[in-house]
Amino acid sequence: MRTRKPILLLLLLMTLVACQTEPGPARQVAQWVPDAPEAYRFAETPTPIPNPTGAPIPTLEPTPTAVTDLIIPTRAATAVPDGVYVRERDGLQLIYPTSWIVEAELDTIVAFRDPGFNLVVTIDYDLADEYDSFEALRDDILGELGEELGLDGVQIISEQEATFAGDIPAQRAIFSGEDANGQPIGLYLAYAFIDERYFLLSAFGSPENVNARLTTLDAILEQVSPDNTTLYGLNREETLILLGGDPFLPSLDPARTTGSAAGYVGLLYSGLVRLTPDLQIVPDLAERWDVSEDGTVYTFTLREGLTFADGRPLTAVDVKYSWERATNPLTESRTAATYLGDIVGVPDRLAGSSHVISGLEVIDDTTLVVTLDGPKPYFLAKLTYPTSYIVDRRLVHTRDLDDWALKPNGSGPYSLLEYREGEVMIFVRNPEYHTPPAVANVLYYLDFVDPLTLFKSGTVDQIFLGSLEAQDVRRPSNPLNAQLVSGTSMCTSLIQMNNSLAPFDDVQVRRAFALAVDKDAYNNIIADGLDVRADTILPPAMPGYSLSLAQAQADLHANAELAVAALAASSYADALPPVVLSVAGSSSQERDDLNAMIQNWREILGAEVTIEYVPPTNFTNSLRQNESHMAAYGWCADYPDPQNFLDILYHSESDFNVANFDDPEIDALLEQARVELDVATRLALYQSIETRLIDEAVAIPMLHGVTDVLVTDRVEGYVLAPIGANFVPYVSLNAEAGEGE
């Protein structure tokens, strides 16, 4: 028997019924037809790629601390008469006495207090997955009431057929009993089934007061309107419904976000090019581009007639401004050096020695010339990352992030209609965008408990599955299996080793630690064996992935004998110093996965390894500034090029080289690969670099993440991207398709 949410809420509200009073006259309830919603006014405003841990990741954005002193965008409110309750999240409407007080709203429940009759009234409209009859629902409720309230001698006073929402069969029952103190208790229960949901109306108080309110309660039951065609005033058939999290304000700034285009920022803003879910680099704000023979000069031609969401023209000047803003040291972008650093003049701009980027030249409103510091075949791929997206200089130039992040004038396919902290974030199609998307509205629920139940009920259109859920849904016999989409992400979790600190300045020690780890056991602990064991740094979907290297490393996996031999051949064979492993999180977390790894090292090598917890906020910067022997780190590609893994993680000057690995020869090879124009030669170079990194045990690749997603049948054209590409602009909704199970 599952926990009944309305009953739990009712228990909390029982304290409101402090005394019994004589019943008053029953209030007659009038019919009411809701007004049509008012027109909306323009209101301004993600999960890096899901991690390989198997934990459910409903959002692509970090959860912030409370945001204060903000004017949050909201729609013009639709007038609701007194005594009418309208739940915007699913369109449920009901009429109640104006003397009642709405005490609480939680998920699918609303609770009222009737002060005149000392009643607590709850209404629940939820998924009926466990109930196939009125009797099953009734017995579940009574059983929990008896257990939680200590009710004794519960008797059915009456039970009869009733009418729900005007014409739907319902059941209504009146019960009496005594509470744990011997006081008489009356209970009104009315329940109905509609499609795959149930509706429950309950009232709790003295038998006399419950009886006095029968006329009112029956009227409420009959006049409820379960309108499933609208959500927050939006047409349900035109709205894609997803799960997300409250946005961390910097994540809504293209220059400051460290998340991918798959997050909210990818809906609000656009760049010159965009990465599709099937990993194609396509024109976005740029209509075309030409590249010089030596690969160092890109001439971009913007589309004619581009505008921001408010209709103001968007020109090459805005592109130049956006990139110079991102590289302004005052912006404090953590990604500008990585994604714009190939442009001539960016290092000077980042250092604060120049107010402009010398490698940018605006020819006219639609022409921008970009000069690079060398041929960079992956330059266009870098421009798909949000750092290069275009912002309205009028809005952001003289205002703080707090003033415009949630009220943007964007350049992307959607605008932010409304944000309610902890509840919902609503985006609407930007009609000024050059290619308006097929889906008119995108709604993210921000507060939820059980994503799978929401999906089954048809409440949401897509969810990410945790490992336990995925294990079940992957079975062909599971009814949801037909809606499952799975794929290996371009993500690798690693243990990065610092070759400048003893004992990891000895390659044999690094090899010993790598050989001793049982990655399969780690996979079973952290992902129930559902992820892919990593024997290489590059994930399988990445260009340049070497199957032969993976096979060779697989033969050496968890080889205790070779690990002992490697340690014996090291300069620390007789005196292995203590080792510190840095991880994101807090000491209150129980990490069975890391404990198992540490046990491998202790039992096989006699190593003493302790965990140092680093706050997750600015984890990368913290690791760079506070050196440790090893760091548990994960990396997901932002664009499909091996440079995005090997160069960014292991070049000595990279901001993301968290283990502070330093090898001049590796640096030289990475710099050579950066400017190699021949594709085959470039990939061969990266394969040789990765082979060397693996041979020198610079890192211990642990897992390649596997993403499992459920998608409703009404979403057409869905592609599960292995990296952070936003799928929303590329799908459409089929109103006639079934939802959920």
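These numbers come from a predicted model, not from an experiment. (Residues numbered from 1 in each chain as written. Predicted model: local features only at pLDDT ≥ 70, side-chain atom pairs only at ≥ 80, totals over all residues. Heavy atoms only, no water.)

### Topic: the nonpolar core
By size, the foremost hydrophobic cluster in this structure holds 40 residues, and its most contacted members are Ile537, Tyr633, Phe645, Leu646, Tyr650 and Leu693. For this core, the secondary structure elements donating two or more residues are β24 (484-497), α19 (619-625), β28 (630-636), α20 (643-650), α21 (664-675) and α22 (679-695). Those residues within four positions of Leu693 in sequence are excluded, and the remaining contacts are Ile537, Leu646, Tyr650, Phe661, Ile666 and Val698. Counting 37 residues, the second-largest nonpolar core is a separate cluster that includes Tyr269, Val396, Tyr419 and Leu446. (Core = buried A, V, L, I, M, F, W, Y, C linked by side-chain atoms within 4.5 Å. Buried < 20%, exposed > 50% of the residue type's maximum accessible area, 1.4 Å probe, protein only. Helix = DSSP H or I, 4+ residues; strand = E, 2+ residues; numbered from the N terminus. Contact = heavy atoms within 4.5 Å.)

### Some points on the confidence of the model for the chain
Low-pLDDT portions of the prediction should not be read for the details of their coordinates. Averaged over every residue, the pLDDT of the chain is 84; the share at 70 or more is 86%. Note on residues 1-80: pLDDT is under 50 here. Beyond four places in sequence and across chains, it has 207 contacts. (pLDDT = per-residue confidence, 0-100.)

### Describing the layout of surface pockets
One way to see where empty space is left: roll a probe the size of a water molecule over the atoms. Here the second largest pocket defines a volume of roughly 600 Å³. Every residue lining the second largest pocket is counted, 26 residues in all, and those nearest its centre are Ala337, Thr338, Glu653, Ser654 and Asp655. Across the lining of the second largest pocket, the residue classes tally to seven nonpolar, eight polar and eleven charged. (1 Å grid on protein atoms, 1.4 Å probe; cavity = no way out; pocket = protein on both sides within 12 Å on 5 of 7 lines; lining within 4 Å. Points joined across faces, edges and corners; volume = space filled by probe spheres on them. Nonpolar A, V, L, I, M, F, W, Y, C, P; charged D, E, K, R; others polar.)

### Topic: the pattern of salt bridges
Evaluated as defined, the whole model comprises 31 salt bridges. The partner of Glu159 in a salt bridge is Arg138, with the nearest N and O atoms 2.8 Å apart. In this pair, Glu159 is assigned in strand β6 (residues 152-164) and Arg138 in helix α2 (residues 134-149), connecting sequence segments 21 residues apart. Look at Arg138 and you get buried, because its relative accessible area is 13%. Of the charged contacts, one joins Glu418 and Arg420 as a salt bridge, the two residues approaching to 2.7 Å between their closest N and O atoms. Under the relative-accessibility criterion, Glu418 is labelled buried at 2%. Under the relative-accessibility criterion, Arg420 is labelled partly exposed at 23%. Through salt bridges with shared partners, a single network forms among Asp310, Arg312, Asp318, Asp392, Arg393 and Arg394. (Salt bridge = Lys/Arg side-chain N within 4 Å of Asp/Glu carboxyl O.)

### Examining the state of the cysteines
On inspection of all chains with the given rule, the structure shows one disulfide. The disulfide that involves Cys491 links it to Cys636, with 2.0 Å between the sulfurs. Its S-S torsion of approximately 110 degrees makes the covalent link between Cys491 and Cys636 right-handed. Here the residue Cys491 occupies a position in strand β24, and Cys636 occupies one in strand β28, the gap between them amounting to 145 residues. By the burial criterion, Cys491 is buried, and Cys636 matches it. (Disulfide = S-S within 2.5 Å.)

### Focus on the packing of α20 against α22
Where α20 contacts α22, the two axes come as close as 11 Å, and the packing angle between them is 45 degrees. Our classification of the angle between α20 and α22 gives oblique. Pair α20 / α22 crosses with left-handed handedness. Each of Gln643, Leu646 and Tyr650 in α20 lies in contact with α22, whose residues at this interface are Arg682, Tyr686, Ile689, Glu690 and Leu693. (Axes fitted to C-alpha atoms, helices over the stretch in contact; angles between N-to-C directions. Parallel < 35°, antiparallel > 145°, perpendicular 65-115°, else oblique. Left-handed = near helix turned anticlockwise from the far one by under 90°.)

### Notes on the sheet that holds strand β5 (residues 119-127)
Strand order in this open sheet of seven strands is β3-β4-β5-β9-β8-β7-β6, and the pairing throughout is antiparallel. The open sheet has two free edges, formed respectively by β3 (101-106) and β6, since each of these has just one partner strand. Looking at each pair of strands side by side, their axes are set apart by 15 degrees on average, direction ignored. Taken together, the five bridges between β3 and strand β4 (residues 109-114) define a ladder with antiparallel strand orientation. Bridge assignment links Ala104 to a residue of β4, and that residue is Ala111. (Pairing = 2+ DSSP bridges.)

### What about the sheet that holds strand β18 (residues 360-364)?
Where strands meet in a sheet, backbone hydrogen bonds hold them as pairs that are either parallel or antiparallel. Taking strand neighbours across the sheet as the criterion, the four strands line up as β16-β17-β19-β18 in an open arrangement whose pairing is antiparallel. The two strands at the open ends of the sheet, each matched to only one other strand, are β16 (286-291) and β18. For this sheet, the mean angle separating the axes of adjacent strands, direction not counted, is 20 degrees. In this sheet, strand β19 (residues 367-371) lies alongside β18 in antiparallel orientation, the contact comprising four bridges. Note that in β19 the partner of Glu361 across the bridge is Val369. Its contacts with the sheet put helix α6 (residues 316-326) on β17 (297-302), β18 and β19, and the angle it makes with β18 is roughly 165 degrees.

### Topic: the packing of helix α14 (residues 507-516) against helix α17 (residues 560-568)
Two elements in contact, α14 and α17, have axes whose closest approach is 8 Å; the angle formed by their N-to-C orientations is 165 degrees. With respect to each other, α14 and α17 are oriented roughly antiparallel. Between α14 and α17 lies a crossing of left-handed hand. Touching Gln508, Val509, Arg511, Ala512, Leu515 and Ala516 of α14 are Leu562, Ala563, Ala566 and Leu567, all from α17. Taken together, the residues that form the contact of α14 with α17 break down as eight nonpolar, one polar and one charged.

### Notes on α21
Its twelve residues give α21 an end-to-end C-alpha distance of 17 Å, which sits within 8% of 16 Å, the value for a rise of 1.5 Å per residue. Along α21, the residues that are buried comprise Ile666, Asp667, Leu670 and Ala673. Around the axis of α21, the buried residues are gathered within 125 degrees of arc, so they sit on the same side. Looking at the buried positions of α21, the neighbouring elements they touch are α20 and α22. At the N-terminal boundary of α21, the capping side chain belongs to Asp663, with an oxygen 2.9 Å from the backbone nitrogen of Glu665. (Expected span 1.5 Å × (residues − 1). Arc of directions from axis to C-beta. Polar contact = N/O pair within 3.5 Å; in protein donor to acceptor, adjacent residues only side chain to side chain.)

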